[in-house]
Amino acid sequence: MMRDLYDTTTIGIGMVLFPGAMAAGILGRYGGMVIDRRGSVYVLRIASSSFPSAYF
């Protein structure tokens, strides 16, 4: 889809997707450690309260 819409090369598409995949891997590992220490309810509260701040 990116190739057709933005006329992007395969390397360009990889450069766009790579940072998001790395961030998901790192934050997923960190989030798992927080869940193990504090519990899932704590992480759910933090995540739910951060959603409204994303709109500002």
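In what follows, the accompanying structure is described. (Residues numbered from 1 in each chain as written. Predicted model: local features only at pLDDT ≥ 70, side-chain atom pairs only at ≥ 80, totals over all residues. Heavy atoms only, no water.)

1. What about the environment of G32?
Checked against the element boundaries, G32 lands in helix α2 (residues 10-38). Taking relative accessible area as the criterion, G32 reaches 26% and is therefore assigned partly exposed. The spatial distance from the C-alpha of G32 to the C-alpha of R3 is 35 Å, given a sequence separation of 29 residues. (Helix = DSSP H or I, 4+ residues; strand = E, 2+ residues; numbered from the N terminus. Buried < 20%, exposed > 50% of the residue type's maximum accessible area, 1.4 Å probe, protein only.)

2. Concerning α2
What sets the pattern is the α-helix's 3.6 residues per turn: residues three or four places apart point alike. When the terminal C-alpha atoms of α2 are compared, their 41 Å separation across 29 residues agrees well with the 42 Å that a helix rising 1.5 Å per residue should span. Phi turns positive one or two residues past the end of α2, at G39, with a value near 105°. (Expected span 1.5 Å × (residues − 1).)

3. Some details on the packing of α2 against helix α3 (residues 40-53)
As a packed pair, α2 and α3 sit with axes 7 Å apart at the nearest point and diverge in direction by 125°. When the interaxial angle is binned, α2 and α3 end up oblique. Along its contact with α2, which presents V34, I35 and R38, the element α3 presents S40, Y42 and V43. A breakdown of the residues in the contact of α2 with α3 according to their chemical character gives four nonpolar, one polar and one charged. (Axes fitted to C-alpha atoms, helices over the stretch in contact; angles between N-to-C directions. Parallel < 35°, antiparallel > 145°, perpendicular 65-115°, else oblique. Contact = heavy atoms within 4.5 Å. Nonpolar A, V, L, I, M, F, W, Y, C, P; charged D, E, K, R; others polar.)

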